[in-house]
Amino acid sequence: MLEHADVIIAGGGAAGFFAAAHIAEASPGARVIILEKSAEVLAKVRVSGGGRCNVTHAEFVPRELASYYPRGQKELLGPFHSFCSGDTIAFFENRGVALKTEEDGRMFPETDASQTIIDCLLRETTQRGVRVFTGYGIREINVRGTGWEVITAKGSLTCDKLLIATGSSPKMWDVIRQLGHTIVPPVPSLFTFHVKDPRISGLMGLSATVSVRLSGTAQDHMIFEGPLLITHWGMSGPAVLKLSAWKARELYDRNYRFPIEVNWLHSVTFGEALDVLRTQREVCGKKNIMTSGPFDLPRRLWVKLAASAGIADEDRWAEVRKELLENLAAQLTKSVFRVQGKSTFKEEFVTAGGVDLREIDFRTFESRIRENLFFAGEVLNIDAVTGGFNFQNAWTGGYMAARAISSKLRETP
């Protein structure tokens, strides 16, 4: 006889466990099973944030929170009004897990250990009778009346409600496609840039607050701000990661070879920079240019940019010609660099792509195509910049799906 459950949750990650905990709490006695293809559950939770688990972000206004999602911004606005970052904090703190906020808004457990979050979710689901089957990779899903048959590597199960929370899984996307859903082709998001350029060579570890945009795209006014970190392979940091996320599909289409324009002075314009340089020439005429830059820039970076503008080591401000000042202002505010490839950002592998959002009812996270089929997490075409936002999508989606499933379970005779 086939194993039957009221609810099967495909995927033993953040969204799946969070949903299971809420379904089991709202529907005591419901038979809830989590199917995980690997031998370990919550693996991404374990490695996230360098093993500390960046649980969420200290942004508590739904509209502002939604703005961090290149894909899903419009769709998540409503759900965030039902379950936002403050609700995530309350969930964990009510279960004895206190969170702390770092300067950049990222939130971690006070223990600085992802195991704390894992233990909380395991404890919550175990105590409420949720069963977890590992090694159950899903091969096929079939409609069975108003419910489902789930065929796995270890046999078949049936259920009344099915929640798919399998993350960025090409195999599962193939299975979902067979159910009639459209899959937006996946491409990488959140990656760093390979740049070889004398202006940044030897400056590994140096950081500056910048604004950056794709170069050569006059019609594209998207500018990304924040720290830029120079690495031994090129550029990283929040400004670069934001650009990589928002332009994920376009950069994929360009085969990760494209020019970027960096304003090392953040919001200072070319004209404003030129005015400052002219004033510096008048006031500090006798001083050496390389040792007396007027901007708050790391000195080694200033020297590199000045040299690239044609200024010699011995040049003094009074001696610098008009065209050299203009060159320097351009290097400071609109340096163009050629990107020649990418690298995954640490362990934060994020994919842009997944189930087409037009096919989901975001009041319930239920499929508009198949009744009693729900989705949550990165299996959907939703992704965010780094900082705890991708987990918040998992918590919110898991909660919204769980609430809708529990409501349906109560309606069932």
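What this report covers is the structure whose coordinates are included nearby.

Conventions used here
Residues numbered from 1 in each chain as written. Predicted model: local features only at pLDDT ≥ 70, side-chain atom pairs only at ≥ 80, totals over all residues. Heavy atoms only, no water. Helix = DSSP H or I, 4+ residues; strand = E, 2+ residues; numbered from the N terminus. Buried < 20%, exposed > 50% of the residue type's maximum accessible area, 1.4 Å probe, protein only. Contact = heavy atoms within 4.5 Å. Areas by Shrake-Rupley, 256 points an atom, 1.4 Å probe, with all protein chains shown as cover. Lys, Arg positive; Asp, Glu negative; His and termini not counted. Charge placed at Lys NZ, Arg CZ, Asp CG, Glu CD. Axes fitted to C-alpha atoms, helices over the stretch in contact; angles between N-to-C directions. Left-handed = near helix turned anticlockwise from the far one by under 90°. Nonpolar A, V, L, I, M, F, W, Y, C, P; charged D, E, K, R; others polar.

**Observations regarding the overall build of the protein chain**
1) Next: Summing up its helical and strand segments, the protein chain has 13 helices and 21 strands in all.
2) Next: When the backbone C-alpha atoms are referred to their principal axes, the protein chain occupies close to 90 × 40 × 35 Å.
3) Next: Going through the 413 residues of the protein chain one by one, you find that 56% of them count as buried.
4) Next: Look at the contacts in the protein chain between residues 6 or more apart in sequence, and 74% of them connect residues 24 or more apart.
5) Next: Taken as a whole, the protein chain presents about 17800 Å² of accessible surface, with 50% of it coming from carbon and sulfur.
6) Next: Of the charged side chains in the protein chain, 49 are positive and 47 negative; the average position of the first set lies 3 Å away from that of the second.

**Topic: the packing of helix α1 (residues 14–26) against helix α6 (residues 114–127)**
1) Next: Orientation of α1 relative to α6, taken along the N-to-C sense of each, is 40 degrees, at an axis distance of 9 Å. For the pair α1 and α6, the sense of crossing is left-handed. In this structure, α1 contributes F17, F18, A20 and A21 to the contact, and α6 contributes L121, L122, E124 and T125.
2) Next: Residues belonging to the contact of α1 with α6 are distributed by class as follows: six nonpolar, one polar and one charged.

**Here's the deal with the environment of L277**
1) Next: Inspection of the secondary structure assignment puts L277 in helix α10 (residues 270–283).
2) Next: Sequence-wise, L277 and P294 are 17 residues apart; in three dimensions their C-alpha atoms are separated by 7.4 Å.

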